[in-house]
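Spelled out, the chains give:
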Amino acid sequence: MSQTKLEPPSEQLVAEPRDDEAHLRPDRRTVVIRPASRWPHLDMRELWHYRELTFRLVWRDVVVRYKQTFLGVTWAVLVPALTTTVYVIVFGKFANFPHGNTPYPSLTAAGVIPMQYFASALTASSSSLVSNLPLVTKVYFPRVLLPLAAVVVPLVDFFIALPVLLVLMAVYGTWPDSAAVLLAPAFLGLAVSTALGIGLLLSTFTARWRDVPYMIPVFLQILPLVSGVMYALDQIPTKWQWIFSLNPMSAVIAGWRWAILGEAAPHWGRTTVSVSVAMLLFALGLAVFRTYEPRFADTI
Amino acid sequence: MSLAIEAHDLSKRYRIGQMQAAYGTLRDSLTRVAARLTGREETHERQEIWALRDVSFRVREGEVLGVIGRNGAGKSTLLKILTRITTPTSGRAVIRGRVGSLLEVGTGFNPELTGRENVFLNGSILGMKRREIQRKLSDIVEFSGIEKFIDTPVKRYSSGMYVRLAFSVAAHLEPEILLVDEVLAVGDAEFQQRCLGRMEDFSGTGRTVLFVSHNMQTINQLCDRVIWLDGGTIVEDGDPSDVVTQYLQGSHSSGSHISWPDDESAPGDDLARLLSVRAIDEDGHTIDTIDVRDTVGIETRYRVLREGPAVFAKIRVRDRRSDIAFNAMDIAPHALDSSAPGIYAATAWIPGNLLSEGTTTADVAICTLRSPKLHQRAAQYEAVLFTVFDPGDGDSARGRFTGQISGVVRPLLEWSVERVD
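Criteria and cut-off values
Residues numbered from 1 in each chain as written. Chains lettered and ligands numbered in written order. Predicted model: local features only at pLDDT ≥ 70, side-chain atom pairs only at ≥ 80, totals over all residues. Helix = DSSP H or I, 4+ residues; strand = E, 2+ residues; numbered from the N terminus. Buried ≥ 20, exposed ≤ 12 C-beta atoms within 10 Å, placed from the backbone. Contact = placed C-beta atoms within 7 Å. Domains from an automatic or database assignment. Expected span 1.5 Å × (residues − 1). Pairing = 2+ DSSP bridges. pLDDT = per-residue confidence, 0-100. Axes fitted to C-alpha atoms, helices over the stretch in contact; angles between N-to-C directions. Left-handed = near helix turned anticlockwise from the far one by under 90°. Core = buried A, V, L, I, M, F, W, Y, C linked by C-beta atoms within 7 Å. Nonpolar A, V, L, I, M, F, W, Y, C, P; charged D, E, K, R; others polar.

**Let's talk about the overall build of chain A**
Here is step 1: Across its full length, chain A carries 13 helices and one strand.
Here is step 2: Beginning at the N terminus, the succession of helices and strands in chain A can be written as β-α-α-α-α-α-α-α-α-α-α-α-α-α.
Here is step 3: The burial tally for chain A puts 42% of its 300 residues in the buried class.
Here is step 4: Partitioning the contacts of chain A with sequence separation of at least 6, the portion at a separation of at least 24 is 83%.

As structure tokens, then:
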């Protein structure tokens, strides 16, 4: 194996004039390729540059999602409706779960719909790198777009499923009774950022180890139980509520019920704990993802 | 004149394990960590290779630069770095202008989406803006020649239609710098011809092209300058005909014959070691080129170091694109008994009219068999390289046809033709 390296012909080594025209052509991009940075950061300008691709990736998954299904997008309504029905029968009728002042069906639907979003977002984002393997190994773009697009896609299902909740609210006459309803998107945002944080972490993990797809279903079966989907969290002992607040989804569901169903306001101390956990997860996920990003194409 | 690409001391290191174990389970990794902690890790797992080592070059705007070299010389790694799919381990490169590459034809195509939808998706992935795609849509569809099926899901397309549409999108990207890897280009001969045609159009308009190829004729024809990579470093950089000539000479003198001076450096284990490998003609002379109609031998010399299980040679022949044409091993009866220590020369005779034209390589291995497992004692990837040519006298499988013929082998078959009606 030869280690000799002949320099390129000397005429090309002469200090070349700087590309004086570059600034005259604003569309002309200069890219500097360097070894991976030790300090991962998120290049917002670059993300903005790739906004159309993000949109296109979201669009692709939305369009493909219900292709070749008989009922099509109806599934987005059916899945939460059926899950709510099962919960109402099993936990509401037979087990008599505590539900405070709110009728059990609305209470459950208000929990099931955000939880359904979270489950889809988490599953999709944690496998986003692997399921887009040809893109990762063949084309450059900020890889963050993949988990990001994956948590946006299920929002479409979320909004399509909302009428289920609206119907139940109409039937039981539970309407939002305060300006709290304006905070509903904030609690949804908490679910999105939690899903993205964990998704970033797990997709990095999945790029190397294919264990995650087995862990997620187990995790998602336990999660509704500890998030208060089928019961009202304020019905359990306070010391347990503090432990449950480590799970951001408990704050999402409690806050969502407060905003939409006019339930009692969530405990702000515990909500702060949940939001902090979500922010930590997001920061950790982003740092880990960005650290391993340069190696994805080599190890995936 | 301004520069389109500047590469300064680009290096890329891979861990061998990283390349081999494409992915593993967590348990595999934990086992490896445990092995490392207890010091039982096998050394080869920690081996590193430099796919590129201190590669520097500059490409002027409008220049067509060819990159040549044997398989594993670092050509693909270089392209991967320049397209930013992977990052260099050290060094840096500056690229001025929009980069497009023909390595990613059809990347991201979704079978469930229609042709039209895929044009938008693929265009965005290649870096086109929505407006740009809308503007070029009719051109893209027309160029692909599949107007009738543009609203059909691409899963119903034939592979030819699929490639045509995909290529059509890539061809309308209009990058300022085009990166082409002929080796990776998919599709049939006609499609590859189109890639080349598109490249020629491109260089004609004063845009920069970086072209990786094994086809010396094309390189000579299209390129203004050629870089020859070997073992991850630039061996030569200059005028195409000079570099190509040197490359052909260089790879021939060392390509069809490889030997190891001592057992230490030779591939192998405590049972068997490789000594040398040659490509030979029927008279036993080492050859660089062989007539497609003639028999060619792959002679493997090896030393058996001790009494043990039966040892035999195995070859794996690869075509010009490094695709495996076939595997063959010594199946003679002696391969059943134990082998006595000593030096052996095993020659595999490949009959004439079997290999396809072009650069042919052979991997060799010395194996023992414990059925159903084949245990490789010593192995050398692409140990020898030689060129198969067809003079076109009309009595080969080519007949009087002069165009491109695909396929990893090109056997001369017996045809029985009779008039049945």
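**Points about the overall build of chain B**
Here is step 1: The number of helices and strands found in chain B is nine helices and 18 strands.
Here is step 2: Relative to its 421 residues, chain B shows a buried fraction of 41%.
Here is step 3: Considering only contacts in chain B between residues 6 or more positions apart, those separated by 24 or more positions represent 71%.

**Observations concerning the domain arrangement of chain B**
In many analyses, interface size is given as the accessible surface area lost on bringing the parts together.
Here is step 1: When its domains are assigned, chain B resolves into domain 1 (3-11 + 57-251) and domain 2 (257-389).
Here is step 2: In this structure, domain 1 of chain B and domain 2 of chain B have C-alpha centres spaced 35 Å apart.

**A word on helix 12 (residues 268-292) of chain A**
Residues and elements named next belong to chain A.
Here is step 1: Between its first and last C-alpha atoms helix 12 spans 36 Å; for 25 residues at 1.5 Å apiece the expected length is 36 Å, and the two agree.
Here is step 2: For helix 12, the full list of buried residues reads Arg270, Thr271, Val273, Ser274, Val275, Ala278, Leu281, Phe282, Gly285, Phe289 and Arg290.
Here is step 3: Looking at the buried positions of helix 12, the neighbouring elements they touch are helix 8 (184-208), helix 10 (238-244) and helix 11 (248-261).

**So, the pairing of strand 7 (residues 208-212) of chain B**
All names here are of chain B.
Here is step 1: Burial within strand 7 is extensive, with five of its five residues counted as buried.
Here is step 2: Neither face of strand 7 is left uncovered, since the one carrying Thr208, Leu210 and Val212 and the one carrying Val209 and Phe211 both have all their residues buried.
Here is step 3: Pairing geometry for strand 3 (residues 64-68) and strand 7, over four bridges, is parallel. Directly across from leucine 65, in strand 7, lies its bridge partner leucine 210.
Here is step 4: Bridge count for strand 6 (residues 177-181) against strand 7 is five bridges, and the pairing is parallel. The partner of leucine 178 across the bridge, within strand 7, is valine 209.

**Considerations on the confidence of the model for chain B**
All names here are of chain B.
Here is step 1: Mean pLDDT over chain B stands at 83; residues scoring 70 or higher make up 86%.
Here is step 2: Here residues 18-23 scores under 50 on pLDDT; set against residues more than four positions off or in separate chains, the count is six contacts.
Here is step 3: Throughout residues 41-45 the model reports pLDDT below 50, and contacts reaching past four residues in sequence, or to other chains, amount to six contacts.

**Description of unusual backbone geometry**
Residue and element names in this part refer to chain B.
Here is step 1: Positioned with a positive phi, aspartate 9 is a non-glycine residue whose angle comes to about 50°.
Here is step 2: Mapped onto the fold, aspartate 9 is located in strand 1 (residues 3-15).
Here is step 3: You can call aspartate 9 partly exposed: it has 15 C-beta atoms within 10 Å.
Here is step 4: One non-glycine residue with positive phi stands out, namely aspartate 54, at about 50°.

**Observations regarding the environment of arginine 398 of chain B**
Residue and element names in this part refer to chain B.
Here is step 1: Within the secondary structure, arginine 398 sits in the segment after strand 18 (373-389).
Here is step 2: The spacing of arginine 398 and tryptophan 228 is 170 residues in sequence and 32 Å in space, taken between C-alpha atoms.
Here is step 3: Sequence-distant contacts of arginine 398, that is, excluding residues within four places in its chain, are made with Asp390, Gly392 and Ile405.

**Some points on the packing of helix 8 of chain A against helix 12 of chain A**
Residues and elements named next belong to chain A.
Here is step 1: It is at 8 Å that the axes of helix 8 and helix 12 come closest, and there the two elements cross at 30°. In the packing of helix 8 onto helix 12, the handedness of the crossing is left-handed. In contact with Leu190, Ser193, Thr194, Leu196, Gly197, Ile198, Leu200, Leu201, Thr204 and Ala207 of helix 8, helix 12 contributes Val275, Ala278, Leu281, Phe282, Leu284, Gly285, Leu286, Val288, Phe289 and Tyr292.

**Quick notes on helix 9 (residues 212-227) of chain A**
All names here are of chain A.
Here is step 1: Between the first and last C-alpha of helix 9 there are 21 Å, a value that for 16 residues agrees with the 22 Å anticipated at 1.5 Å per step.
Here is step 2: Residues Val212, Pro224 and Ser227 constitute the buried set of helix 9.
Here is step 3: Buried positions along helix 9 lie against helix 4 (104-126), helix 8 and helix 11.

**A closer look at the sheet that holds strand 10 (residues 257-259) of chain B**
All names here are of chain B.
Here is step 1: Judged by pairing direction, the sheet is antiparallel, and its four strands sit side by side in the order 10-11-13-16 without closing on themselves. Two strands lie at the open edges of the sheet, namely strand 10 and strand 16 (342-350), each paired on one side alone. This sheet shows a mean twist of 15° between the axes of neighbouring strands, independent of strand direction.

**Some thoughts on the sheet that holds strand 1 (residues 30-33) of chain A**
Here is step 1: Across the sheet, four strands lie side by side as 1(A)-4(B)-1(B)-2(B); this open sheet has antiparallel pairing. Each having just a single partner strand, strand 1 of chain A together with strand 2 (48-60) of chain B make up the two edges of the open sheet. When strand polarity is set aside, the average angle formed by the axes of neighbouring strands in this sheet is 15°.

**Remarks on the environment of glutamate 176 of chain B**
Residues and elements named next belong to chain B.
Here is step 1: Note that glutamate 176 resides in the loop between helix 6 (159-171) and strand 6.
Here is step 2: When the C-alpha positions of glutamate 176 and leucine 196 are compared, they lie 17 Å apart, and in sequence the two are 20 residues distant.
Here is step 3: Non-local contacts of glutamate 176, meaning those with residues more than four positions away in its chain, are made with Gly97, Arg98, Arg207 and Thr208.

**Considering the environment of threonine 30 of chain A**
Here is step 1: Along the chain, threonine 30 of chain A falls in strand 1.
Here is step 2: Along the primary structure threonine 30 of chain A and leucine 183 of chain A are separated by 153 residues, whereas in three dimensions their C-alpha atoms are 43 Å apart.

**Brief notes about the pairing of strand 17 (residues 358-370) of chain B**
The two faces of a sheet get side chains in turn, since along a regular strand they alternate between them.
Residues and elements named next belong to chain B.
Here is step 1: Relative to strand 17, strand 14 (residues 312-318) is paired through seven bridges, and the arrangement is antiparallel. Each bridged residue has a counterpart across the sheet, and for isoleucine 315 the counterpart in strand 17 is valine 364.
Here is step 2: Across twelve bridges, strand 17 lies against strand 18 in antiparallel orientation. Looking across to strand 18, one finds that arginine 370 is bridged to lysine 373.

**Quick word on the nonpolar core**
Here is step 1: Within the largest apolar cluster, 146 residues are counted, with the highest numbers of intra-cluster contacts made by Ala191 of chain A together with Phe211 of chain B.
Here is step 2: Per element, the largest residue contribution to this core is 14 residues, and it comes from helix 7 (residues 145-172) of chain A.
Here is step 3: Apart from the residues within four sequence positions on either side, alanine 191 of chain A is in contact with Pro114, Tyr117, Phe118, Met249 and Val252 of chain A.
Here is step 4: One finds Leu355, Val364, Ala378 and Ala383 of chain B within the second-largest nonpolar core, a separate group that totals 34 residues.

**Thoughts on the packing of helix 2 (residues 51-65) of chain A against helix 4 (residues 115-125) of chain B**
Here is step 1: Interhelical geometry of helix 2 of chain A versus helix 4 of chain B gives an angle of 145° and a closest axis separation of 9 Å. Crossing hand, helix 2 of chain A versus helix 4 of chain B: left-handed. Packed against helix 2 of chain A, whose contacting residues are Glu52, Leu53, Arg56, Arg60 and Val63 of chain A, the element helix 4 of chain B presents Glu117, Phe120, Leu121, Ser124 and Ile125 of chain B at the interface.
Here is step 2: In terms of residue class, the contact of helix 2 of chain A with helix 4 of chain B is built from five nonpolar, one polar and four charged.

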